[in-house]
Amino acid sequence: MPQNFRFRPSRRGFLAGSAAIGLTPLLACAPRPQDVAVAVPQFDTYPPVIFVHGNGDTAALWHTSIWRWESNGFPDKRLFAVDFPYPLARSNDAEYQAGRSSTQDQFEQLSVAVQAALRQSGTGRVALVGSSRGGNAIRNYLKNGPGAAHVSHAVLCGTPNHGVIVSNDKLVGSEFNGAGPFLRRLNDGLETVPGVQWMTTRSDAFDKFAQPDGAGIGMPGTPTGVTAEGPALTGAKNIVLPGLDHREVAFHEKAFAATWDFIIGRPPATTKILPESDPVLNGKVNGMARGVPTNLPVEGATVEIWETNPQTGARLRSEAAHRKVTGADGYWGPFKASPTATYEFVLTVPSQTTTHIYRSPFPRSSAHIHLRTAVVADRDRQAGSIVILSRPRGYFGPGRDLVTFDGQPAPGIPAGVPTNSTSTLAIPRGTAQRTVVCRCNDETIAVQSWASTDDRAVIAELNY
């Protein structure tokens, strides 16, 4: 894990909808008829939930989790997700680094997000759910800020609470170093803050950032001083989710079930995602700053959406189902989708790789279907076409996951603890455009290859 712009959003910006850090209810674009098959209890007495993403991530990773909350009757207007403007941590938390954020930056941004959610929901307290680095921001806000007065529950999923390494000469100054100043302060004295209910979720053995060997952080053979118990906290309810990886302990249905039970006080009626009749989609085109991904909106991006044949990935019609050039807020919708259709999103940003993003059906509405252009390695640009299979909410585990292109094992997936969330298929030059069937376990996405000589790339993006 690894010039920070000091982000100071205005009060007016948040009163207008908190767009500055992307804090929005799940849907902010249209009324939504629902086909919820479970009994809907009254949830007004329960805290609104704010989901906080991890290092380098976006609010988009939470949309399947939020669908599960909604499928159990929780109101979408009480579900929020944060987009930190600069999601990547600094190498040294105390030193400015272009396009990256410090722990202080995320402390301030989370503070503003909580106040915005309290105003929008009209409640006195919120529940915070964080993945990985998002848990660092939550702990910092609760221990070193006013968070205990505003937060009822804190759920930390795969957060490296005791570091990815404990070292005086490696990752010096990093917020992920258990011997560094940030984590030393957080872990000094009580590891949890009184007045808040705490829970952690962790893997038994498959979290690449909670390993005794440093292979998962690019230091094979280096003892880390960390074990699988690293994400646990004294004073918290510590849950082990066997067999899940670093991301899955936040986004898997088992992680949802544990989180729901902890906050609501009883198991969910279902862990399934129940479809709506007429889902409405929206999202933001996120940018890049000097090669570093950001969650800042991109103006002037063109987004086209094409309905595709689910068996071949070929377009079903001669005209796009949706086309929009983004404004200053970066949003490309709204788009009324079919809950059973498969879609190709074509993202065109000047001077960047045109990216064809193929997705599984969207059973429910979301305003967090964020898009970003692909970054293609130089070695892959020599191919005739590039197809990237991406699993944002998990890693690929050999022997645990079935991952294939056209029925053949996907390349670039190392043995051992799951560490990779992408696999790239390079199709030779001179090959005609064709169907590529991408699969991970029970989810299959058929795509069309597009010529990389035209500076194009293809992403098959998995939901699960």
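Model, not experiment: these values are computed from the prediction.

1. What to know about the overall build of the protein chain
- Scanning the protein chain from N- to C-terminus turns up seven helices and 24 strands.
- Relative to the compact-globule value of 23 Å for 464 residues, the protein chain shows a C-alpha radius of gyration of 21 Å, a close match.
- Over its C-alpha atoms, taken along the principal directions, the protein chain stretches across nearly 65 × 55 × 40 Å.
- With 464 residues in all, the protein chain has 60% of them scored as buried.
- For the protein chain, the exposed area adds up to about 17,700 Å²; of that, 52% sits on carbon and sulfur atoms.
- For the protein chain, the separation between the mean place of its 44 positive charges and that of its 39 negative charges on side chains is 4 Å.

2. What about the sheet that holds strand β17 (residues 354–359)?
- Spatially, seven strands are ordered β14-β13-β16-β17-β24-β18-β21 in an open sheet, and the strand pairing comes out mixed. In this open sheet, the two strands that pair with only one neighbour each are β14 (322–325) and β21 (422–427). Direction aside, the axes of adjacent strands within the sheet are offset by 20° on average.
- Of the pairings in the sheet, the one linking strand β13 (residues 302–308) to β14 comprises four bridges and is antiparallel in character. Within β14, the residue paired with V303 across the bridge is K324.

3. Looking at unusual backbone geometry
- Of note, the amide linkage connecting G333 to P334 takes the cis form, showing an omega dihedral of 10°.
- Assignment of secondary structure puts P334 in the loop between β14 and β15 (335–336).
- Non-glycine residue S132 carries a positive phi angle of around 50°.
- Within the secondary structure, S132 sits in the loop between β4 (126–131) and α4 (133–144).
- You can call S132 buried: its relative accessible area is 4%.

Criteria and thresholds
- Every chain's residues receive numbers from 1 upward, in the order its sequence appears when written.
- Reporting in this predicted model follows two pLDDT cut-offs: at least 70 for local features of residues, and 80 or more for side-chain atom pairs to be given and counted; totals over whole chains, interfaces and linings ignore these cut-offs and use all residues.
- Just so you know, side-chain values use all the structure's heavy atoms and leave hydrogens and water out.
- In this text, helices come from DSSP runs of H or I with a minimum length of four residues, and strands from runs of E with a minimum of two, each type numbered from the N-terminal end.
- Every radius of gyration here is taken over C-alpha atoms, with the globule rule written as 2.2 Å times N^0.38, N being the number of residues.
- Any residue under 20% of the maximum accessible area for its type is buried, any over 50% is exposed, and the rest in between are partly exposed; the area is computed with a 1.4 Å probe on protein chains only.
- Surface exposure here means Shrake-Rupley accessible area, sampled with a 1.4 Å probe, where a residue is shielded only by the protein chains that are shown.
- Neither His nor the chain ends is counted toward charge; the positive residues are Lys and Arg and the negative residues Asp and Glu.
- Charge coordinates come from a single atom per side chain, which is NZ of Lys, CZ of Arg, CG of Asp or CD of Glu.
- Pairing between two strands is assigned when DSSP locates at least 2 bridges connecting them.
- Axis lines are fitted through C-alpha atoms, for helices just across the contact stretch, and the angle between N-to-C directions can take any value from 0 to 180 degrees.

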